Amino acid sequence: MRFLLLIPLLMATGAATADSRSDRDALSRALAGRTAGAPVECIDQHLADGPQVIDPQTLIYRQGRGRLWVNTLPEACTGLRFNAVPIVQIFGGRMCRNDQFTPVAPGAIPGGTCRLGKFTPWDRPKR
């Protein structure tokens, strides 16, 4: 009986490992050939498209064709999955560190409130 209870646990652990590997791969592909700049507290929401959810603790916003803004949340956000849309509470037209958001996925109950981290710019090298 104990063996039967252990099988789902092992399967879940294997799935989490595979998911984290694909998350790292997606982030690596997005940042390939780019260089990180100094993190900033806020970005102008009107200049950034997105976000792309990488994993429960990482978002990418795109600015034009060149710059990516990677936001690493201070803690993992329950409910933040690839198909979730973070609904950010923005004050003053800028998204800033510690602004709160709620992840909303199609057909799911909205998750809890989460916080944004600092925004790290990733740019392609100048030619």
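Since this is a predicted model, take the numbers as computed values, not measurements.

A.B. asks: Summarise the confidence of the model for the protein; cite the residues concerned and give the values.
C.D. replies: It should be kept in mind that the predicted coordinates are not to be read in detail where pLDDT is low. The predicted model of the protein has a mean per-residue pLDDT of 83, with 83% of residues at 70 or higher. Across the protein, the secondary-structure element scoring lowest on mean pLDDT is helix α1 (residues 2-31), at 55, and the one scoring highest is strand β10 (residues 119-123), at 97. Segment residues 1-18 is flagged for pLDDT under 50; beyond a separation of four residues in sequence, or across chains, it makes 0 contacts in the model.

A.B. asks: Run through the nonpolar core, naming residues and quoting values.
C.D. replies: With 17 residues, the main nonpolar core has Tyr61, Leu80, Met95, Phe101 and Leu116 as its most contacted residues. With sequence-adjacent residues up to four places away left out, Tyr61 is seen in contact with Ile43, Ala48, Asp49, Gly50, Pro51, Arg67, Leu68, Trp69, Val88, Met95 and Phe119. Grouped together as the second largest cluster of nonpolar side chains are 7 residues, Ala30, Leu31, Ile54 and Val70 included.

A.B. asks: I'd like to hear about the sheet that holds strand β3 (residues 49-55), residue by residue, with values.
C.D. replies: By definition, the strands of a sheet pair up through backbone hydrogen bonds, in either a parallel or an antiparallel sense. Taken in spatial order, the 5 strands make up an open sheet running β1-β10-β5-β4-β3, and their pairing is antiparallel. Two strands lie at the open edges of the sheet, namely β1 (35-36) and β3, each paired on one side alone.

A.B. asks: Before we move on, can you summarise a positive patch on the surface with the specific residues and values?
C.D. replies: Residues Arg62, Arg65, Arg124 and Arg127 make up a contiguous surface patch of positive charge. Structurally, the position occupied by Arg62 is in strand β4 (residues 58-63).

A.B. asks: Pulling in residues and values, what's your account of the environment of Pro110?
C.D. replies: Here Pro110 shows up in the loop between β8 (100-104) and β9 (114-115). Remark: the alpha-carbon pair of Pro110 and Leu80, spanning 30 residues in sequence, is separated by 9.6 Å. Those residues within four positions of Pro110 in sequence are excluded, and the remaining contacts are Thr102, Pro103 and Val104.

A.B. asks: I'd love a proper account of unusual backbone geometry, names of residues and values included.
C.D. replies: Omega for the bond connecting Gly50 with Pro51 falls within 30 degrees of zero, at 15°, which places this linkage in the cis form. By secondary structure assignment, the location of Pro51 is in strand β3. For Asn98, which is not glycine, the phi dihedral falls at a positive 75°.

A.B. asks: Quick rundown of the state of the cysteines? Include the residues and the values.
C.D. replies: Each disulfide consists of a covalent bond between the sulfur atoms of two cysteine residues. Counted according to the given criterion, the structure contains 2 disulfides. A disulfide bridge connects Cys42 with Cys96, and the sulfur atoms are separated by 1.9 Å. Taking the sign of the S-S torsion, about 110° here, the bridge from Cys42 to Cys96 comes out right-handed. Placement of the pair is Cys42 in strand β2 (residues 42-44) and Cys96 in strand β7 (residues 94-96), with a sequence separation of 54 residues. Residue Cys96 is classed as buried on the basis of its relative accessible area, which comes to 17%. Each sulfur in the disulfide pair Cys77 and Cys114 lies 1.9 Å from the other. As the torsion about the S-S bond is roughly 75°, the Cys77-Cys114 disulfide counts as right-handed. On the criterion of sequence distance, the pair formed by Cys77 in the loop between β5 (67-72) and β6 (85-88) and Cys114 in strand β9 is long-range, its members being 37 residues apart. Of the two residues, Cys77 and Cys114, neither departs from the other in class, the shared state being buried.

Cut-offs and rules
- Residues numbered from 1 in each chain as written.
- Predicted model: local features only at pLDDT ≥ 70, side-chain atom pairs only at ≥ 80, totals over all residues.
- Heavy atoms only, no water.
- pLDDT = per-residue confidence, 0-100.
- Helix = DSSP H or I, 4+ residues; strand = E, 2+ residues; numbered from the N terminus.
- Contact = heavy atoms within 4.5 Å.
- Core = buried A, V, L, I, M, F, W, Y, C linked by side-chain atoms within 4.5 Å.
- Buried < 20%, exposed > 50% of the residue type's maximum accessible area, 1.4 Å probe, protein only.
- Pairing = 2+ DSSP bridges.
- Patch = residues over 30% accessible without salt bridge, like charges linked within 9 Å, V, L, I, M, F, W, Y side chains within 5 Å.
- Areas by Shrake-Rupley, 256 points an atom, 1.4 Å probe, with all protein chains shown as cover.
- Salt bridge = Lys/Arg side-chain N within 4 Å of Asp/Glu carboxyl O.
- Lys, Arg positive; Asp, Glu negative; His and termini not counted.
- Charge placed at Lys NZ, Arg CZ, Asp CG, Glu CD.
- Disulfide = S-S within 2.5 Å.

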